[in-house]
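Structural characterization, general
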Amino acid sequence: MPERPSKPEMSLAQQSFLEERKRKRHWIMAARILLFLLFLALWEIAAQAHWIDAFIFSSPSRVCTTFWGMLLDKSIFLHVGSTLLETLVSFALVILLSLAIAVLLWLSSTLAQVLDPYLVILNSLPKSALAPLLIVWLGANQRTIVVAGMSVAIFGSILTIFTGFSQVDPAKIKLIYTLRGTRWDVLCKVVLPSSVPTFINTMKVNIGLCLVGVVIGEFIGSRQGLGYLIIYGSQVLKLEAPLTKMRIPLKA
């Protein structure tokens, strides 16, 4: 049997470069963790030393105690699971709809010119102001919260993806047409592959925006979820809501 070619050995300069990159990554990770721990320590010290009002601002120890209690009675799984499900559903719908609409706009330049000002206006609307209207129109249920999560991200996502489509290298598109390709070939073989980085960056932004929209919806029309916990804690002026009071709404 023919021998497999051996891998070329790295030079000392290459090994030194890789080790330096590895050390830098470790240093960055350690700095991130240290910064987070310093924030928690400062927050706890400020609460214990009465630099801040612990009744309003709470403290890491109180939050951890409440979190542990919610783990024991399993109420935290209900709230986190509800918010996570609504966020993932709204995120998936935003990605599918925004990609489909962006492709449609790219296929029809006339339609893109007609809808462009409307998309810009809808994207600039304050989404928190739409949540009460959605509750009135659709009712206080999970469907409304999913729509609230979508409303925060979908219009900006359409504009970003369509802009990425429009900025594809025209020389590549001309080459496809020169080789007697169709508009579908241009879309599948040039536009979509070239827009993958834009699409991935849009997804990174959208997952956070969908979470924000879902929490806003839970502020107004939900009896469970992280948004419900936040609004309940603000009503009783405590970041960590008392467990005995937290269980009452869950049974209603």
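Structure shown above.
Residues numbered from 1 in each chain as written. Predicted model: local features only at pLDDT ≥ 70, side-chain atom pairs only at ≥ 80, totals over all residues. Heavy atoms only, no water.

Focus on the overall build of the protein
Along the backbone of the protein there are 12 helices and 0 strands. Relative to its 252 residues, the protein shows a buried fraction of 32%. Sequence separation of 24 or more characterises 70% of the internal contacts of the protein that already satisfy a separation of 6 or more. Accessible surface for the protein amounts to roughly 16,700 Å². Of this, 70% is attributable to carbon and sulfur atoms. (Helix = DSSP H or I, 4+ residues; strand = E, 2+ residues; numbered from the N terminus. Buried < 20%, exposed > 50% of the residue type's maximum accessible area, 1.4 Å probe, protein only. Contact = heavy atoms within 4.5 Å. Areas by Shrake-Rupley, 256 points an atom, 1.4 Å probe, with all protein chains shown as cover.)

Quick notes on helix α10 (residues 196–221)
The end-to-end C-alpha distance of α10 is 36 Å, a good match for the 38 Å that 26 residues give at a rise of 1.5 Å each. Every buried residue belonging to α10 is among Thr202, Asn206, Cys210, Gly213, Val214, Val215, Ile216, Gly217, Glu218 and Gly221, and all of these are buried. (Expected span 1.5 Å × (residues − 1).)

Quick look at the packing of helix α6 (residues 127–138) against α10
The N-to-C vectors of α6 and α10 enclose an angle of 50°; their axes lie 9 Å apart at closest approach. In terms of axis orientation, α6 runs oblique to α10. Judged by the twist between their axes, the crossing of α6 over α10 is right-handed. Residues Ser128, Ala131, Pro132 and Ile135 of α6 lie in contact with α10, whose contacting residues are Ile216, Ile220 and Gly221. For the contact of α6 with α10, the per-class residue count stands at 5 nonpolar, 2 polar and no charged. (Axes fitted to C-alpha atoms, helices over the stretch in contact; angles between N-to-C directions. Parallel < 35°, antiparallel > 145°, perpendicular 65-115°, else oblique. Left-handed = near helix turned anticlockwise from the far one by under 90°. Nonpolar A, V, L, I, M, F, W, Y, C, P; charged D, E, K, R; others polar.)

What to know about the packing of aromatic side chains
Tallied over the full model, the rule gives 1 aromatic pair. When the centroid spacing of 6.0 Å and the interplanar angle of 40° are considered together, the rings of phenylalanine 39 and tryptophan 43 count as tilted. Here the residue phenylalanine 39 and the residue tryptophan 43 both occupy positions in helix α1 (residues 12–48), the gap between them amounting to 4 residues, near one helical turn. Here the basic side chain of arginine 183 rests over the ring of tryptophan 106, its NZ or CZ set 4.3 Å away from the ring centre. (Phe/Tyr/Trp six-rings, centres within 6.5 Å; stacked < 30°, edge-to-face > 60°. Lys NZ or Arg CZ within 6 Å of the ring centre and 35° of its normal.)

Quick notes on the nonpolar core
If you look at the biggest cluster of nonpolar residues, it comprises 27 residues, and the most contacted ones within it are Trp106, Phe165 and Val191. Where this core is concerned, the elements lending two or more residues are α4 (75–107), α5 (109–124), α7 (142–166), α8 (170–178) and α9 (183–194). Per-element accounting of this core gives the leading share, 10 residues, to α7. Excluding residues within four positions of it along the chain, tryptophan 106 makes contact with Phe162, Phe165, Arg183, Val186, Leu187 and Val191. (Core = buried A, V, L, I, M, F, W, Y, C linked by side-chain atoms within 4.5 Å.)

Comments concerning unusual backbone geometry
Notably, histidine 50 is not glycine yet its phi reads approximately 65°, a positive angle. You can see histidine 50 is positioned in the loop between α1 and α2 (54–57). Classification of histidine 50 as exposed rests on a relative accessible area of 68%. Phi at arginine 180 is positive, roughly 65°, even though this residue is not glycine. By secondary structure assignment, the location of arginine 180 is in the loop between α8 and α9. On the basis of relative accessibility, which here comes to 78%, the residue arginine 180 falls in the exposed class.

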